[in-house]
Amino acid sequence: MLLQLVRGLSTVPHILSLPSHPSLANEISQRLGYKISHIPNGSFSNAETKVAVPIQHKEKPVIIQSPHKDINTHLMELLLTVQACKQLSSTPVTAVLPCFPYARSDKSESRNLPIGAKLICKLLEAAGTDEVITVELHSSQTEGFFNIPVSNIQTTQLLADYIISTNSEDKTVLVAPDAGAMKKVTAISELTELPFALIHKERASDGTISRMTLVGDVRGRNAVIVDDMADTCGTVIKAADLLVNNGACGVEAVMTHGILSGAAIERINNSSSISSFTVTNTLPQCVDQCSKLRVLDVSKLIGSEIRNRCYDSSLVET
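About the thresholds
Residues numbered from 1 in each chain as written. Predicted model: local features only at pLDDT ≥ 70, side-chain atom pairs only at ≥ 80, totals over all residues. Heavy atoms only, no water. 1 Å grid on protein atoms, 1.4 Å probe; cavity = no way out; pocket = protein on both sides within 12 Å on 5 of 7 lines; lining within 4 Å. Points joined across faces, edges and corners; volume = space filled by probe spheres on them. Helix = DSSP H or I, 4+ residues; strand = E, 2+ residues; numbered from the N terminus. Nonpolar A, V, L, I, M, F, W, Y, C, P; charged D, E, K, R; others polar. Axes fitted to C-alpha atoms, helices over the stretch in contact; angles between N-to-C directions. Parallel < 35°, antiparallel > 145°, perpendicular 65-115°, else oblique. Contact = heavy atoms within 4.5 Å. Buried < 20%, exposed > 50% of the residue type's maximum accessible area, 1.4 Å probe, protein only.

**Q** Looking at this model, I keep getting lost on the layout of surface pockets. Mind explaining?
**A** Over the atoms a probe the size of a water molecule is rolled, and this reveals where empty space is left. For the largest pocket, the calculated volume is near 990 Å³. Forming the walls of the largest pocket are 33 residues, and the residues nearest its centre are H138, G180, A181, D227 and D228. Those elements that provide at least two residues to the lining of the largest pocket are helix 5 (182-192), strand 9 (196-203), strand 11 (222-230) and helix 6 (234-245). For the lining of the largest pocket, the leading source of residues is strand 11, giving 4 residues. Taken together, the residues of the lining of the largest pocket sort by class into 9 nonpolar, 11 polar and 13 charged. The computed volume of the second largest pocket comes to approximately 540 Å³. Examining the composition of the lining of the second largest pocket, we find that 3 residues originate from one element, helix 7 (residues 264-270), more than from any other. Classifying every residue of the lining of the second largest pocket by side-chain character gives 16 nonpolar, 7 polar and 4 charged.

**Q** Looking at this structure, how should I read empty space enclosed by the protein?
**A** Overall, the coordinates contain 1 cavity of 30 Å³ or more when judged by the stated rule. Computed from the structure, the largest cavity encloses a volume of approximately 30 Å³. Together, C99, F100, A103, V135, E136, L137, H138, M229 and H257 line the largest cavity. Among the residues forming the lining of the largest cavity, the class breakdown is 6 nonpolar, 2 polar and 1 charged.

**Q** It is not clear to me how the packing of helix 2 (residues 71-88) against helix 3 (residues 116-127) should be interpreted in this structure. Could you clarify?
**A** When two helices pack together, their arrangement is given by the angle between the helix axes and the distance between those axes. Helix 3 packs onto helix 2 with a crossing angle of 30° between their chain directions and a minimal axis gap of 8 Å. By the criterion of interaxial angle, the relationship of helix 2 to helix 3 is roughly parallel. Taking contact as the criterion, the partners of L75, L78, L79, V82, Q83 and K86 in helix 2 are, on helix 3, I120, L123, L124 and A127. Residues belonging to the contact of helix 2 with helix 3 are distributed by class as follows: 8 nonpolar, 1 polar and 1 charged.

**Q** Before we go on, may I ask you to explain the environment of A84 in this structure?
**A** Examined against the element boundaries, A84 turns out to sit in helix 2. Assessed through its relative accessible area of 17%, A84 is described here as buried. For the pair A84 and A52, spaced 32 residues apart in sequence, the C-alpha separation works out to 8.0 Å.

Structure follows, in C-alpha cells:
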C-alpha cells in the first residue's frame, strides 16, 4: 500500500482569522509559520453580514473563530466564510472553534426546547465544513451530532500542570462545583494525585440554587475549584464562600473557557473568598479589568492539531 501526496507542496495552509479572536489566531500562525489573513467585520446597509475571502485555489483554508458576545454575528461570519472557501478552493476546509457556541444546549430539557449545539453542527456541515477543531466541548455527546471529523482537544494536562506548579501538593484539594464537573476533576486528580471534594447543589422550582452542600474535607487546605467553563460566576462565588466557611485556607478557580459574561468580572473583583481566577485563552480576556485573572495559552494545543490535520488531508491511500 502506497501513500501518494496528491497536492504536494503546492497545497499551503492559509489561516483565516475572523474578528472574534485575532490575538489567538496570530499566536497559532506564529507557532506554525502559516500564512494568515485577518478578515474584518463587514455588513451591508440592511445589517446582513458581508465577508470577502482572500483564498487561492490550492490553499487549504483554516478558519479560526471563537464566537462570544455577538455570538450570532460571529456564527454567520464563520458560515459565510466556509461557503466562500468551498467555492474558491479545492482543498478541505477546517473550522477552528476554540470555544464552541451553544455548547450547553446539548440536550432538550423539554419538548418545546431546541438542541442548539446540534443545530450549529448541522449548519457547519451545510456550509461545507470538512472538519472541525474545538477545545473541550461541554459534553462529549456533541461530537455525535457531527457527520464530519471533529477533534475535541482536552486541556486536562495543561490545567493539571498549572495547578501543580502553583500549589503545594500536601495542602491542596480539588473541588468540583457540581456533579457535572466531577469527570474533569477526577481526571486532574489522577494526574496530580491530589484529593478532591464535591459540592452538591439543590435547586428550587424556579431553577435557582436553594442549597449547596460540601462533600469532602477542605479544612486547612487551599481549595481549587475546577470546571470546563465560567460564565456569570454566581455559582463559583457561592461555592468559594462555602469552602471558606468550611475551613479552606484559600480558594482559587481554574477553568477552561472564561466566558465571564454579565457581572462576572465585578463578582470576581468583589469576592473576598477567591484569590485568583485562571482561565485559558479560548476566548479573549480583559486582564486589565481584573487583577485576579490569569490566562493560560492553548495556542500550542490547537496549533499541533491544525498541523496534524493539514498533513493528514494532503495524503490519500492508493
